[in-house]
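# Secondary and tertiary structure notes
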Amino acid sequence: MLRVLAVDDEKPALEELLYLLRSDARIRSAEGATDATEALRRISRALDAGPDGDDGIDVVFLDIHMAGLTGLDVARLLAGFARPPLIVFVTAHEGFAVQAFDLKAVDYVLKPVRRERLAEAVRRVRDVVVSAREARYPDPVGHPAVPAHIPNTAPAAAQNDLPGPAAGAEQIPVELGGVTRFVPIDDIAYVEAQGDYARLHTKDGSHLVRIPLSTLEERWASRGFVRIHRSHLVALARIDELRLDAGATTVRVGAAELAVSRRHARQLRDLLMRHARG
C-alpha cells in the first residue's frame, strides 16, 4: 500500500485531495503539507528513514502554483536525491505538462480533481512502486529456460509474421515552442506513457504529444509496435537485446534499457527467439 504526501497551499483543495486519497484502498497513509518548506522537511525525514521506514513516502501529490517555492521548484530539488519519492502534479493549469514530465512526473492531474482520474493516477503510481520493489526483491521462482541474452538479429524485412511498417513515410505532428514539426513514425524507437501524454523517443531526442499510449498502440500495431509494459510501446525492429536477470526481463533499445512486464515477457521472448533462429 502507498504512503502519500499531498502538498497544496490552498487548504480547502488540500483537504479535498486528502479525503479522496484516504478513501482509496491502495493508500496506506496520506498526510498533507501547506507549503513547499514543510513538504521538503517531511520528505527529507522520509529519505533519512529509508524506503521501508515508518516515515517513508512513496509519492508526492504536488500543486504547482504555491507561494514561495513552486511545485516545479520542489521537483527540481528532489531530482538531486538518490531515491526521491515519485511525483504526481495536481494543478489547474495545462501549460506546465511538458516541464512536469521532463522532471519525471508519473502523472499530471488537472483540477478540479475527479475521483476516477485520481484513481487512475494512483494506479500508475502503484505500478511504478511495485515494479521498483520487484527489482529490489526479485521473484525467486524460475522462468522457462531461455538464453539470458537474446540479440535481435533478424532484419525488419524478415519479420514476416509481424505487422511491418506500412509503405510511405507517415508522420506525426509534435509541438515544440509554438512550432509544429512532423516526425516520421519510422524514426520512433519507443514510446513512453506519461499520464495522458506520450513521449516519442527517436535517435535525435524526444517529443511529448497529448495522445494516450493505448491509442498509439492501436494505431501503430500495423507498423510493428508492440506493448512490452504498461508504460512502454516499442518498435520491434529497434530492439537490440533482450535480457533476463534474476527474474527481471529488460530490452535494450539503442542506449535505453526498458523493463518488460511479466505479462508481456513470455510473448516477447518467443517472438525474438523465433526471429533469431531465422
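Residues numbered from 1 in each chain as written. Predicted model: local features only at pLDDT ≥ 70, side-chain atom pairs only at ≥ 80, totals over all residues. Heavy atoms only, no water.

Quick look at the overall build of the chain now. A count of helical and extended segments in the chain gives seven helices and 16 strands. The buried share of the chain, reckoned over its 278 residues, is 43%. Pairs at least 24 apart in sequence give 58% of the contacts found in the chain among residues at least 6 apart. Surface exposure of the chain reaches about 14400 Å², of which carbon and sulfur atoms provide 52%. (Helix = DSSP H or I, 4+ residues; strand = E, 2+ residues; numbered from the N terminus. Buried < 20%, exposed > 50% of the residue type's maximum accessible area, 1.4 Å probe, protein only. Contact = heavy atoms within 4.5 Å. Areas by Shrake-Rupley, 256 points an atom, 1.4 Å probe, with all protein chains shown as cover.)

We now examine the nonpolar core. Core analysis: the largest hydrophobic core is formed by 26 residues, its most contacted members being Leu5, Val7, Val60, Leu62, Phe89 and Tyr108. Listing elements by their share of this core, those giving two or more residues are β1 (2–7), α2 (36–49), β3 (59–62), α3 (71–78), β4 (86–91) and α4 (97–102). For valine 7, the contacting residues outside a window of four places in its chain are Leu14, Ala33, Asp35, Ala39, Val60, Phe61, Leu62, Asp63 and Met66. (Core = buried A, V, L, I, M, F, W, Y, C linked by side-chain atoms within 4.5 Å.)

The sheet contact formed by strand β14 (residues 241–245) and strand β15 (residues 248–253) spans five bridges and is antiparallel. Within β15, the position partnered with glutamate 241 by the bridge is arginine 252. (Pairing = 2+ DSSP bridges.)

Right, let's talk about the environment of threonine 202 for a bit. Of note, threonine 202 is situated in strand β10 (residues 197–202). Accessibility expressed as a relative area gives 17% for threonine 202, which makes it buried. As for threonine 202 and aspartate 186, which are separated by 16 residues in sequence, their C-alpha atoms are 9.2 Å apart. If sequence neighbours within four positions are ignored, threonine 202 has contacts with Val183, Asp187, Ile188 and His207.

Looking now at the environment of arginine 123. Here arginine 123 is to be found in helix α5 (residues 115–136). Judged by its relative accessible area of 21%, arginine 123 is partly exposed. Taking the C-alpha atoms as reference, arginine 123 lies 8.4 Å from arginine 26; in sequence the two are 97 residues apart. Those residues in contact with arginine 123 that lie beyond four places of it in its chain are Arg26 and Arg230. Within the local environment of arginine 123, its side chain forms a polar contact with the side chain of glutamate 120, the two groups lying 2.4 Å apart. (Polar contact = N/O pair within 3.5 Å; in protein donor to acceptor, adjacent residues only side chain to side chain.)

Per-chain confidence: the chain averages 82 in pLDDT, with 83% of residues scoring 70 or above. Here residues 140–150 scores under 50 on pLDDT; set against residues more than four positions off or in separate chains, the count is 21 contacts. (pLDDT = per-residue confidence, 0-100.)

Another aspect to go through is the sheet that holds strand β5 (residues 107–110). Paired through backbone hydrogen bonds, the strands of a sheet run either parallel or antiparallel to each other. Strand order in the open sheet made by the five strands is β2-β1-β3-β4-β5, with parallel pairing throughout. The two strands at the open ends of the sheet, each matched to only one other strand, are β2 (27–33) and β5. Averaged over all adjacent pairs, the angle separating strand axes in this sheet is 20 degrees, with direction ignored. As defined by bridge partners, β1 adjoins β3 across four bridges and the pair is classed as parallel. Bridge pairing links alanine 6 to phenylalanine 61 in β3. (Axes fitted to C-alpha atoms, helices over the stretch in contact; angles between N-to-C directions.)

For the bond from lysine 111 to proline 112, the omega torsion is -5 degrees, close enough to zero to count as cis. Relative to the elements of secondary structure, proline 112 occurs in the loop between β5 and α5. The phi angle at lysine 104 is positive, at roughly 70 degrees, despite the residue not being glycine. Relative to the helices and strands, lysine 104 resides in the loop between α4 and β5. The class of lysine 104 is exposed, set by a relative accessible area of 67%.

On to the packing of aromatic side chains, then. According to the stated counting rule, one finds three aromatic pairs in the structure shown. With a centroid separation of 6.3 Å and an interplanar angle of 50 degrees, the aromatic rings of phenylalanine 101 and tyrosine 108 are classed as tilted. Among the residues examined, phenylalanine 101 registers a relative accessible area of 1% and is labelled buried. Ring centres 5.0 Å apart and planes at 45 degrees place the aromatic pair tryptophan 220 and phenylalanine 225 in the tilted group. By relative accessible area, tryptophan 220 is classed as buried at 5%. (Phe/Tyr/Trp six-rings, centres within 6.5 Å; stacked < 30°, edge-to-face > 60°.)

The next subject is the sheet that holds strand β13 (residues 232–235). Pairing is antiparallel in the open sheet, where five strands are placed in the order β11-β10-β9-β13-β12. Taken across any chain shown, the strands that pair with only one partner, and hence form the sheet edges, are β11 (205–209) and β12 (225–229). Across the sheet, the mean angle from the axis of one strand to that of its neighbour is 25 degrees, orientation sign disregarded. Here strand β9 (residues 188–194) pairs with β10 via six bridges, running antiparallel. Opposite tyrosine 190, over in β10, you have histidine 201 as the bridge partner. Across the sheet, helix α6 (residues 213–220) is in contact with β9, β10, β12 and β13; its angle to β9 comes to roughly 150 degrees.

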